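Structure at a glance
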Amino acid sequence: MHSSKRGNAGDVNGDGFDDVIIGAPLYDNGQTDEGRAYVYYAGQWTVDQPAWTAESDQANAQFGYSVAGAGDVNGDGYSDVSLEPIYDNGQTDEGRPMLTMVRQATIHNSQLD
């Protein structure tokens, strides 16, 4: 990971332990500085096996620049996470907050406009 950010994700999988979210905004995987976010379940911690990952697939988006737990936004009983990349969608570096629901390795993304 490059230049990581980290935060308490809350209990995203419902096992009773607060989980960890880590952002690596300078991660490269096909695009320079596209960034990547990782969620690790506290009750099943293994550094080489995150429970969930996501990346932007956009050069210089720095996905994972800002990461945080968001509480249970959608009322499903699981904590949700908030990510904010430096995202381009018509304007350079305009950013776009994203709310992500991570449950038992199921990914649900909502972009907030």
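Here goes a summary of the coordinates provided. (Residues numbered from 1 in each chain as written. Predicted model: local features only at pLDDT ≥ 70, side-chain atom pairs only at ≥ 80, totals over all residues. Heavy atoms only, no water.)

Right, let's get into the overall build of the protein. When you go through the protein residue by residue, the secondary structure sums to zero helices and eight strands. Listing every helix and strand of the protein by position from the N terminus yields β-β-β-β-β-β-β-β. Expressed as a percentage of the 113 residues in the protein, the buried residues total 38%. Partitioning the intrachain contacts of the protein with sequence separation of at least 6 by distance along the chain shows that 38% fall at a separation of at least 24. As displayed, the protein offers around 5900 Å² of accessible surface, 42% of which is attributable to carbon and sulfur atoms. (Helix = DSSP H or I, 4+ residues; strand = E, 2+ residues; numbered from the N terminus. Buried < 20%, exposed > 50% of the residue type's maximum accessible area, 1.4 Å probe, protein only. Contact = heavy atoms within 4.5 Å. Areas by Shrake-Rupley, 256 points an atom, 1.4 Å probe, with all protein chains shown as cover.)

This paragraph deals with the packing of aromatic side chains. Evaluation of the coordinates by the stated rule reveals one aromatic pair. Residues Tyr38 and Tyr40 carry aromatic rings whose centres are separated by 6.4 Å and whose planes lie at 15° to one another, so their mutual orientation is stacked. (Phe/Tyr/Trp six-rings, centres within 6.5 Å; stacked < 30°, edge-to-face > 60°.)

This part covers the pattern of salt bridges. Side chains bearing opposite charge may pair, as long as their charged atoms lie close to each other. A complete count under the given rule lists one salt bridge for this structure. Measuring nitrogen to oxygen at the nearest pair gives 3.3 Å for the salt bridge that ties Glu55 to Arg36. Of this pair, Glu55 sits in strand β4 (residues 52-55) while Arg36 sits in strand β3 (residues 36-40), and the two are 19 residues apart along the sequence. (Salt bridge = Lys/Arg side-chain N within 4 Å of Asp/Glu carboxyl O.)

Once that is clear, we can look at the sheet that holds β4. Strand order across the open sheet formed by four strands is β1-β2-β3-β4, with antiparallel pairing between neighbours. The outermost strands of the open sheet, each flanked by one partner alone, are β1 (5-10) and β4. With strand direction ignored, the average angle separating the axes of adjacent strands in the sheet is 20°. Sheet topology note: the β1/strand β2 (residues 19-24) ladder contains five bridges and is antiparallel. If you follow Arg6 over to β2, its bridge partner there is Ile22. (Pairing = 2+ DSSP bridges. Axes fitted to C-alpha atoms, helices over the stretch in contact; angles between N-to-C directions.)

A few words now on the pairing of β3. Of all five residues in β3, five are buried, a share of seventy percent or more. Alternating residues of β3 divide into Arg36, Tyr38 and Tyr40 and Ala37 and Val39, and every residue in both groups is buried. Relative to β3, β2 runs antiparallel, the two being bridged by five bridges. Across the sheet, Val20 pairs through a bridge with Tyr40, a residue of β3. Here β3 runs beside β4; their pairing, made up of four bridges, is antiparallel.

We now examine unusual backbone geometry. Trans is the prevailing form of peptide bonds, just as negative phi is the prevailing case for residues other than glycine. The phi dihedral of Asp33 is positive, around 55°, even though this residue is not glycine. By secondary structure assignment, the location of Asp33 is in the loop between β2 and β3. Even without a glycine there, the phi angle at Gln62 is positive, about 50°. Residue placement: Gln62 occurs in the loop between β4 and β5 (66-71).

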